[in-house]
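Fold and geometry: a report
Chain by chain, the residues:
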Amino acid sequence: MQGEERPGPRLDGLFVRRFLRLQAVLFPGWPSPSALMFLTLLCVALLEQLVIYQVGIIPSQYYEVLGNKDFSGFKTLTAVALTLIVVNSTLKSFDQFICNMMYVSWRKSLTEYLHNCYFQGQVYYSLHMLREDIDNPDQRISQDVERFCRQLSSMASKLIISPFTLAYYTYQCFHSTGWLGPVSIFGYFIIGTIINKILMSPIVAKLVQQEKLEGDFRFKHMQIRVNAEPAAFYRAGRVEHMRTDRRLQSLLQTQRELIGKELWLYIGINTFDYLGSILSYVAIAIPIFSGVYGDLSPSELSALVSKNAFVSIYLIGCFSQLIDLSRSVTDVAGYTHRIGELQETLLSLGRKKSGNHSEARASWDLDSTHSGEDPLPKDTAFLLERVTLSVPSSGKLLIKDLSLRISQGDSVMIVGNTGTGKTSLLRVLGGLWESTQGSIKMLTCFGPQGVVFLPQQPFFTDGSLREQVIYPLKEIYPVSGSADDDRIVRFLELAGLV
């Protein structure tokens, strides 16, 4: 219900449901481009991890060949190391390349999906004019979608490879240090995850609030840009300066609060990063001091310690990477709530519009004609029977039991005081509003061969003068864009514009 207090966005079940619905848009099926790129990224990431493991154990092999003064083995090992480094660098580059391509593909899919919902019928009108609970839809479709896809693509590689690396290095760590190593590392990760979850929850709500205020601040500047001349006539520069600064201060205050909450999250992340480096050596030290490797020479023990240290440190590093993603997860959660809320509203408005008869007929169709089933004169355009109309947002009664027939060639003047429903009646005829009671029948088509509605405020879209004159026919019917210039000029002369 509009105006009803709603709980702030959090990392909860609602976030999961909204996130999964967005994933269904990003991955519409198999074989979609996003699914193929995701599979390719998984293969590249797996190869990268295999190479990283080989690179990681090279230091232990250097300890061994240097301890044995094996010059031939040193040369061979160096050549292998250089080859692995080149291969690893190439795989890392392809990893980043695929993530960037996924970002573009995801943004395309999600933006086009939202556009389809947004421009369906008159949904965009209802969203902006009749709904007050969705702030800055333009920002959500453009900026929030871009940031959501970018953050998600930057996390994709780490997330998809984590189950494989955790399973493999857990086995290697168990083989090297016994059960104590993996258990202590997993305990470390569980504690870090719980603490970060507690620290992340308030950040999500504050991030959503910040994005709303960013949109309000940008909208204020856009409002001044569009209405620069009226504001100048009013000499309203000082007033608008104060209003704009007020929005800026509100935004900056929210950002300061967000930074303060993020401080504790960063402290938790950095603390667990450094604790992880110590924990790896503690896990290795236990079997050494317990005498498990007492029969090894110093060079063999050094090589073993180096290899086991890499395994333990890399396992901890995998968990640390997941903990380090906490900031990115909060960003993704915030954008998920904003985009998911918009998606739910667009779908709700779309279902409501598709079920309305007036809206179903409110489409431009130059070739459609009335079916002729009603025994009415063929020149009848609209037939209203006992129509009652109220303001959608407040329920204020405007018109009651109105019956009216509008035919071709009729001149009808609607008079009345301000706020009595003159424009509202046209909104109902145009399919923008729904009547509270009664029947409204449109017995002709929209377009030059039927009915054309002219808004009170003229709308100039982007494009050439030709496109402005024949707008919106050119965008909907490209063939009509071939109208000759002489005809356009003739109509402009009739209108006194040239």
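Our structure's up above, just so we're on the same page.
Please read these numbers as outputs of a predicted model, since none were measured by experiment.

Time to look at the nonpolar core. The biggest cluster of nonpolar side chains holds 41 residues, and the ones touching the most others in it are Leu-110, Leu-114, Phe-148, Ile-339 and Leu-346. Contributions of two or more residues to this core are made by helix H1 (13–26), helix H2 (33–56), helix H3 (58–67), helix H4 (71–118), helix H5 (123–130), helix H6 (137–177) and helix H11 (326–354). The dominant element in this core, judged by the number of residues it contributes, is H4, at 13 residues. Each residue touching Ile-339, except ones within four places of it in the same chain, is listed here: Leu-22, Leu-110, Leu-114, Arg-140, Asp-144, Val-145 and Phe-148. The next biggest cluster of nonpolar side chains, apart from the first, holds 29 residues, and it includes Leu-207, Ile-269, Val-311 and Cys-318.

Further remarks concern the sheet that holds strand E3 (residues 437–442). Ordered in space as E2-E1-E3, the three strands form an open sheet in which the pairing is antiparallel. The open sheet is flanked by strand E2 (397–407) and E3, the only strands paired with a single partner. Pairwise comparison of adjacent strand axes, ignoring direction, gives a mean angle of 15° for this sheet. Relative to E2, strand E1 (residues 380–390) runs antiparallel, the two sharing seven bridges. Each residue of the ladder has a partner; that of Leu-383, found in E2, is Arg-405. Packing against the sheet, helix H13 (residues 422–429) makes contact with E1, E2 and E3, and its axis sits at approximately 120° to E1.

The next subject is the packing of aromatic side chains. This structure, assessed with the given rule, holds eight aromatic pairs. On the basis of an interplanar angle of 85° and a centroid distance of 4.9 Å, the ring pair of Tyr-118 and Phe-119 is categorised as edge-to-face. For Tyr-118, a relative accessible area of 12% puts it in the buried group. Ring geometry for Phe-382 versus Phe-453: centroids 6.3 Å apart, planes at 70°, classification edge-to-face. Taken together, the residues Phe-382 in strand E1 and Phe-453 in the loop between E3 and helix H14 (465–470) connect sequence positions 71 residues apart.

Let's shift gears to the pattern of salt bridges. Any two side chains of opposite charge can pair, so long as their charged atoms come close to each other. Using the criterion set out here, one finds 16 salt bridges in the structure. Taking the shortest distance from any N to any O, the salt bridge between Glu-257 and Lys-206 comes out at 2.7 Å. With a gap of 51 residues between them, Glu-257 in helix H9 (residues 237–289) and Lys-206 in helix H7 (residues 180–226) connect regions that are remote in the sequence. Among the ionic pairs, Asp-216 bridges to Lys-212, the shortest N-O distance being 3.0 Å. Linking Asp-216 with Lys-212, this pair stays in helix H7, spanning four residues, or about one helical turn. Taking relative accessible area as the criterion, Asp-216 reaches 18% and is therefore assigned buried. Through salt bridges with shared partners, one network takes in Asp-135, Arg-140, Asp-144, Arg-338 and Glu-341.

Rules and cut-offs
Residues numbered from 1 in each chain as written. Predicted model: local features only at pLDDT ≥ 70, side-chain atom pairs only at ≥ 80, totals over all residues. Heavy atoms only, no water. Core = buried A, V, L, I, M, F, W, Y, C linked by side-chain atoms within 4.5 Å. Buried < 20%, exposed > 50% of the residue type's maximum accessible area, 1.4 Å probe, protein only. Helix = DSSP H or I, 4+ residues; strand = E, 2+ residues; numbered from the N terminus. Contact = heavy atoms within 4.5 Å. Pairing = 2+ DSSP bridges. Axes fitted to C-alpha atoms, helices over the stretch in contact; angles between N-to-C directions. Phe/Tyr/Trp six-rings, centres within 6.5 Å; stacked < 30°, edge-to-face > 60°. Salt bridge = Lys/Arg side-chain N within 4 Å of Asp/Glu carboxyl O.

Everything listed is a geometric property; what it means functionally is a separate question.
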